[in-house]
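# Inside the fold
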Amino acid sequence: MNFKVHLSENQTLNLGPNFNQVLSVKREDLIHPFISGNKYRKLKYNLKKAGIENKQSLLTFGGAFSNHIAAVAAAGQAFGFNTIGVIRGEELVDQVNTNATLKFAESCGMRFKFVSREDFREKTSEDFISNLKDEFGDFYLIPEGGTNDYAIKGCEEILSDEDFDYDYICCSVGTGGTISGIINASKPHQKILGFPALKGDFLQEEISKFAKKLNWQLIKEYHFGGYAKMNTELISFMNQFKRNYQIPLDPVYTGKLMFGVMDLLKKGYFPAHSKILVIHTGGLQGISGMNERLKQKQMPLIS
């Protein structure tokens, strides 16, 4: 991907006198305004592959507030690909103009196909893909969330030489691609901690398909009820964290990740004088859409 990106940097947080650990945040969210964090990493080699295969269109899948949908649309516009988004939820067909994520993707030229949640579950079946090819013609397929072998290769580049001094690497987990790349790039002395944003035990198996090492663990207590679910405690934490450190967090992934890391610090999970690196995977575009939902529920907003 030959376009201007901002190299990520590590920002060390002042934890105060009650802690003797070092906690830093790798600011992958600053890579690019629209194709940031793990989305940039996952798309890098997929776009190169699509170019090699002379594909004109990219097709992928996602929900109403998908960071992945927004990133693929922006990447398609930046690199001259047509983009098609298969969107979960038929009811969204009339809500594009009121949904910040879908409106942005459309402004980047993405075409949508809205399908029922039942049909969406068939998105990996041969018949489903064949029907999409009949409708849209030839395309380069990127799976929901972007995770495949090319995405793993990109995510293996998240860690740089300066990161190998850290004892713990913490990241949020959606489809498992990002943490798999980090695991593969990590050193033997490092422990990789994944904080799932979804409920369920399926991620253990998914990560094991791609991860080449065993130095990892999933911390499953901080999903706040499941994907895209949150409460006033999490909102309050995110807003206070931004005031303290000038680092915005997204409500689906990094907010829950950082809440979990800080909670584990308070509980003494991390040994004295250990060095901890938290990966900020971006996803900030989802804040505006989430705030619309919070308004409807008369809940506090994310600053």
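Just above sits the structure.
Residues numbered from 1 in each chain as written. Predicted model: local features only at pLDDT ≥ 70, side-chain atom pairs only at ≥ 80, totals over all residues. Heavy atoms only, no water.

### A closer look at the environment of glutamine 190
Following the sequence through the fold, glutamine 190 ends up in the loop between α7 (177-185) and β8 (191-196). Distance in space between the C-alpha atoms of glutamine 190 and tyrosine 168 is 5.6 Å, their sequence separation being 22 residues. Excluding its chain neighbours within four sequence positions, the residues that come into contact with glutamine 190 are Asp163, Phe164, Asp165, Tyr166, Asp167, Ile169 and Asn215. Within the structure, glutamine 190 has its side chain in polar contact with the backbone oxygen of tyrosine 166 (distance 2.9 Å). (Helix = DSSP H or I, 4+ residues; strand = E, 2+ residues; numbered from the N terminus. Contact = heavy atoms within 4.5 Å. Polar contact = N/O pair within 3.5 Å; in protein donor to acceptor, adjacent residues only side chain to side chain.)

### Some words on the side chain of aspartate 263
Position of aspartate 263 among the secondary structure elements: in helix α10 (residues 254-266). Here tyrosine 222 takes part through its side chain, which lies 2.6 Å from a polar atom of the side chain of aspartate 263.

### Observations regarding the nonpolar core
If you look at the biggest cluster of nonpolar residues, it comprises 38 residues, and the most contacted ones within it are Leu23, Cys170, Phe195 and Phe270. Secondary structure elements with two or more residues in this core: β2 (22-27), β7 (168-173), β8, α9 (232-245), α10, β10 (275-280) and α11 (286-296). Aside from chain neighbours lying at most four places away, what touches leucine 23 is Gln11, Thr12, Leu13, Leu15, Val261, Met262, Leu265, Ile276 and Val278. (Core = buried A, V, L, I, M, F, W, Y, C linked by side-chain atoms within 4.5 Å. Buried < 20%, exposed > 50% of the residue type's maximum accessible area, 1.4 Å probe, protein only.)

### What to know about the sheet that holds strand β5 (residues 111-115)
Taken in spatial order, the 4 strands line up as β5-β4-β3-β6 in an open sheet, and their pairing is parallel. With partners counted over all chains shown, the strands left at the sheet margins are β5 and β6 (140-141), one partner each. Where strand β3 (residues 57-62) and strand β4 (residues 82-88) come together, 6 bridges link them in parallel fashion. Each residue of the ladder has a partner; that of leucine 59, found in β4, is isoleucine 84. Along the sheet face, helix α2 (residues 67-79) touches β3 and β4 and points at about 170° away from the line of β3. (Pairing = 2+ DSSP bridges. Axes fitted to C-alpha atoms, helices over the stretch in contact; angles between N-to-C directions.)

### Focus on the pairing of β4
With respect to burial, β4 is a largely interior element, 5 of its 7 residues being buried. As for the winding sense of the linkage, the β-α-β connection from β3 through α2 to β4 is right-handed. Note that β4 and β5 share 5 bridges and pair parallel. Counted as the bridge partner of arginine 88 is valine 115 from β5. Once you follow β4 into helix α3 (residues 100-107) and on to β5, the crossover reads as right-handed. (Right-handed = clockwise from strand over helix to strand, strands pointing away.)

### Let's talk about the pattern of salt bridges
Scanning the entire structure with this criterion turns up 14 salt bridges. A salt bridge links lysine 44 to glutamate 157, with the shortest nitrogen-to-oxygen separation between them at 2.9 Å. One end of the pair, lysine 44, is in helix α1 (residues 37-52); the other, glutamate 157, is in the loop between α6 (149-155) and β7, and 113 residues separate them in sequence. A residue is classified by how much of its surface remains accessible, and glutamate 157, at 31% relative accessible area, is partly exposed. (Salt bridge = Lys/Arg side-chain N within 4 Å of Asp/Glu carboxyl O.)

### Digging into the environment of glycine 145
By the secondary structure assignment, glycine 145 is in the loop between β6 and α6. For the pair formed by glycine 145 and threonine 60, sequence separation is 85 residues and the distance between their alpha carbons is 8.5 Å. Ignoring anything within four residues of it in the chain, the contact list for glycine 145 reads Lys39, Lys42, Phe61, His68 and Thr175.

### Some points on α11
Looking at α11, one finds that the buried residues are Gly286, Ile287, Gly289, Met290, Asn291 and Leu294. Turning to α11, the residues buried within the fold contact α2, α3 and α9. Positive phi appears at glutamine 298, one or two residues downstream of α11, with a value of about 55°.

The values are spatial; any link to function lies outside them.
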